[in-house]
Protein chains: 2
Amino acid sequence: MTDRRVKRTRRLLKAALVELLSEQAYESVTIRDLTDRADIGYATFFRHYDSVNDLMLEIFTEFIQDLETYTDRTDEGYFEREGTSLFEHVEENRTLYRSIFESHTFSKKFREHFEALVRGHLDDRSKYISSKEVPIDVAAQHMVSSILGLVNWWLMENTPPSVQQMGKIYELLIIKGTWQTLSSANPTNLPWEV
Amino acid sequence: MTDRRVKRTRRLLKAALVELLSEQAYESVTIRDLTDRADIGYATFFRHYDSVNDLMLEIFTEFIQDLETYTDRTDEGYFEREGTSLFEHVEENRTLYRSIFESHTFSKKFREHFEALVRGHLDDRSKYISSKEVPIDVAAQHMVSSILGLVNWWLMENTPPSVQQMGKIYELLIIKGTWQTLSSANPTNLPWEV
DNA sequence: AAGATATGATATACAGTGTACCATAAAAGA
DNA sequence: TCTTTTATGGTACACTGTATATCATATCTT
């Protein structure tokens, strides 16, 4: 695993895929495309990865780790503050986000990671949640759909609002919108305003 | 176009695809699978459709038409009444909905149709919308993400709530949740309660 | 310097798409 | 009913892309 040649090959392949994603759709990338771009032998690919999905998974995993350290910067830990962090991360990785959202497999994976995160936040605030009509997992799913919908909209827009504007929309539409529905707290006494 | 043989072939192919979708993933269906199931010659497929996507598009189009006549039953025309209609339609077409949501191409198409519908509703209620921070197309996108997220959750759940329960959740989480955020109206004087 | 191993190149098998061709069956029109 | 038209089945073939096997060579580790 420490062999320089192995590290070089894997590095070249990952770089090749990231590069290709800004030129063509993820689904259209072939193994020949990758080995040509990385300038390595075709068969060599299979000595490291099972498939393009397998290679993408490695990039995706590193990407998720990057996102998690990124959103953890704001140690206050509240949802609405993380909104701006999320959109900053998206802005800096537009191409990769677009590719992930284009792929059914990886948008699903991304959603799963995100849902776990949101579930954690909701569990932390469970004492404020009074709604018996909306189950907790439906609420989590709803926030995830809303957030990822907003991110997706922002990615596809040709003249997108700034990160700050998106943070504002995020707070208004998703945090307040959902929270008012689920919350037993007085609107003037919501947790993020304490 | 009126040739009995043509109609027969196309009918058999559509039936074969619908049948196969309850047995395997949409992406995995090959043309050979279809012609074997329909019991027609392989080359015959290409005399009618370009690709599996092309065949699926025909099924999808008929499906969308069915949905539209379905949701039009409730002539009052309000969002929250259509919630139950939507979930009724999903319940009666679970397999097809699952296949559509599994396919990036068709979930996108479905989303586009739905978004046009929601945009129409929002435009009808534009006088109630006061929010200057949330653009109208972001609001429409947000409702669509929320609704389709909820439908998707319902489809994947092994012990899903009833249609009536889903209608209730829909009204609370999506209609009221979003509307309160966008609306200038007094909560006791929202349009659907008039 | 010697042994281990990753790579490049090539051949091969395989699955799936898409086209061309022709004999045959079935439909449409008189 | 007879003739013409056309859709179908079957087959062969070219093409793309995946995946494995093999072997000489280059590169790395110790």
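Fair warning: this is a prediction, and the values are worked out from it, not measured in the lab. (Residues numbered from 1 in each chain as written. Chains lettered and ligands numbered in written order. Predicted model: local features only at pLDDT ≥ 70, side-chain atom pairs only at ≥ 80, totals over all residues. Heavy atoms only, no water.)

## Considerations on the nonpolar core
Piece 1. Of all hydrophobic cores here, the largest spans 113 residues; its most connected members are Leu34(A), Phe110(A), Leu34(B) and Phe110(B).
Piece 2. Non-local contacts of Phe110(B), meaning those with residues more than four positions away in its chain, are made with Phe60(B), Phe63(B), Ile64(B), Leu67(B), Tyr97(B), Ile100(B), Phe101(B) and Leu148(B). (Core = buried A, V, L, I, M, F, W, Y, C linked by side-chain atoms within 4.5 Å. Buried < 20%, exposed > 50% of the residue type's maximum accessible area, 1.4 Å probe, protein only. Contact = heavy atoms within 4.5 Å.)

## Quick notes on the pattern of salt bridges
Piece 1. Under the criterion given, the structure shown has 15 salt bridges over all chains.
Piece 2. A salt bridge links Arg10(A) to Glu58(A), with the nearest nitrogen and oxygen atoms 3.0 Å apart. With Arg10(A) in helix 1 (residues 4-21) and Glu58(A) in helix 4 (residues 52-71), this pair connects stretches of sequence that are 48 residues apart.
Piece 3. For Glu58(A), a relative accessible area of 22% corresponds to the partly exposed category.
Piece 4. A salt bridge links Arg119(B) to Asp123(B); its shortest N-O distance comes to 4.0 Å. One end of the pair, Arg119(B), and the other, Asp123(B), are both in helix 7 (residues 104-124), four residues apart, so they sit about a helical turn from each other.
Piece 5. Overall, the relative accessible area of 29% leaves Arg119(B) in the partly exposed class.
Piece 6. Residue Asp123(B) is classed as partly exposed on the basis of its relative accessible area, which comes to 41%. (Salt bridge = Lys/Arg side-chain N within 4 Å of Asp/Glu carboxyl O. Helix = DSSP H or I, 4+ residues; strand = E, 2+ residues; numbered from the N terminus.)

## Focus on the domain arrangement of chain A
Residues and elements named next belong to chain A.
Piece 1. Assigned domains within chain A: domain 1 (4-49) and domain 2 (56-186).
Piece 2. The centre of domain 1, based on its C-alpha atoms, is set 30 Å off from the matching centre of domain 2.
Piece 3. Opposite the ten residues of domain 1 that make contact, domain 2 presents eleven residues.
Piece 4. A combined buried area of about 850 Å² lies between domain 1 and domain 2, and 62% of that area is made up of carbon and sulfur atoms.
Piece 5. Interface area lost by domain 1 to domain 2 is led by Lys 14, Leu 21 and Tyr 26, which between them contribute 57%. (Domains from an automatic or database assignment. Buried area = accessible area lost by both parts, 1.4 Å probe.)

## Some remarks on the protein's contact with DNA strand D
Piece 1. Every one of the 22 residues lining DNA strand D counts as a neighbour, but Arg4(A), Arg5(A), Thr9(B), Gly41(B) and His48(B) are closest to it.
Piece 2. A distance of 2.6 Å is found between a base oxygen of DNA strand D and a side-chain nitrogen or oxygen belonging to Arg5(A).
Piece 3. Contact between DNA strand D and Arg5(B): a phosphate oxygen at 3.1 Å from a main-chain N or O atom of the residue.
Piece 4. Taken together, the residues that form the surface near DNA strand D break down as seven nonpolar, six polar and nine charged. (Near = heavy atom within 4 Å. Polar contact = N/O pair within 3.5 Å; in protein donor to acceptor, adjacent residues only side chain to side chain. Nonpolar A, V, L, I, M, F, W, Y, C, P; charged D, E, K, R; others polar.)

## Re the packing of aromatic side chains
Two numbers describe a pair of aromatic rings. These are the distance of the centres and the angle of the planes.
Piece 1. Overall, the coordinates contain 24 aromatic pairs over all chains when judged by the stated rule.
Piece 2. Here the aromatic rings of Tyr42(A) and Phe46(A) are separated by 5.5 Å at their centres, their planes lie at 70 degrees, and the arrangement is edge-to-face. Residue Tyr42(A) and its partner Phe46(A) are located together in helix 3 (residues 42-46), separated by four residues, close to a single helical turn.
Piece 3. Each member of the aromatic cluster is reached from another via a ring pair, and the members are Phe63(A), Tyr97(A), Phe101(A), Phe110(A) and Phe114(A).
Piece 4. The lysine or arginine in question, Arg32(B), covers the ring of Tyr42(B), its NZ or CZ lying 4.3 Å from the ring centre. (Phe/Tyr/Trp six-rings, centres within 6.5 Å; stacked < 30°, edge-to-face > 60°. Lys NZ or Arg CZ within 6 Å of the ring centre and 35° of its normal.)

## Here's the deal with the side chain of His89(A)
Piece 1. Here His89(A) shows up in helix 5 (residues 79-92).
Piece 2. Not counting chain neighbours up to four residues away, the residues in contact with His89(A) comprise Phe63(A), Asp66(A), Leu67(A), Tyr70(A) and Tyr97(A).

## Observations regarding the relation of the copies chain B and chain A
Piece 1. Superposing chain B onto chain A takes a rotation of 180 degrees combined with a translation of 0.0 Å along the rotation axis, leaving an RMSD of 0.0 Å. In symmetry terms, the pair is related by a two-fold rotation axis.
Piece 2. Residue by residue, 100% of the interface of chain B is reproduced at the interface of chain A, so both copies engage with the same surface. (Least-squares fit on C-alpha atoms with pLDDT ≥ 70 in both.)

## Some words on a negative patch on the surface
Piece 1. Among the surface-exposed residues, Glu27(A), Glu102(A), Glu27(B) and Glu102(B) lie close enough to one another that they form a single negatively charged patch.
Piece 2. Here Glu102(B) shows up in helix 6 (residues 94-102).
Piece 3. Overall, Glu102(B) belongs to the partly exposed group, its relative accessible area being 32%. (Patch = residues over 30% accessible without salt bridge, like charges linked within 9 Å, V, L, I, M, F, W, Y side chains within 5 Å. Areas by Shrake-Rupley, 256 points an atom, 1.4 Å probe, with all protein chains shown as cover. Lys, Arg positive; Asp, Glu negative; His and termini not counted. Charge placed at Lys NZ, Arg CZ, Asp CG, Glu CD.)

## So, the interface of chain B and chain A
Piece 1. Counting residues at the interface gives 26 residues for chain B and 26 residues for chain A.
Piece 2. Of the roughly 2400 Å² buried where chain B meets chain A, counting both sides, 67% is carbon and sulfur surface.
Piece 3. Between chain B and chain A we count zero salt bridges in total.
Piece 4. Summed over the shared surface of chain B and chain A, the number is four residue pairs in polar contact (both at pLDDT 80 or more).

## Side note on the protein's contact with DNA strand C
Piece 1. Looking at DNA strand C, there are 22 residues lining it, with Thr9(A), Gly41(A), Thr44(A), His48(A) and Arg4(B) nearest.
Piece 2. The protein-proximal atoms of DNA strand C, defined as those within 4 Å of the protein, are 60% sugar or phosphate.
Piece 3. For DNA strand C, a phosphate oxygen lies 2.8 Å from a polar atom in the backbone of Gly41(A).
Piece 4. Residue Thr44(A) places a side-chain N or O atom 2.8 Å away from a phosphate oxygen belonging to DNA strand C.
Piece 5. Breaking the surface near DNA strand C down by element, the ones donating at least two residues are helix 1 and helix 3 of chain A together with helix 1 (4-21) and helix 3 (42-46) of chain B.
Piece 6. When the residues that make up the surface near DNA strand C are grouped by side-chain class, the tally is seven nonpolar, six polar and nine charged.

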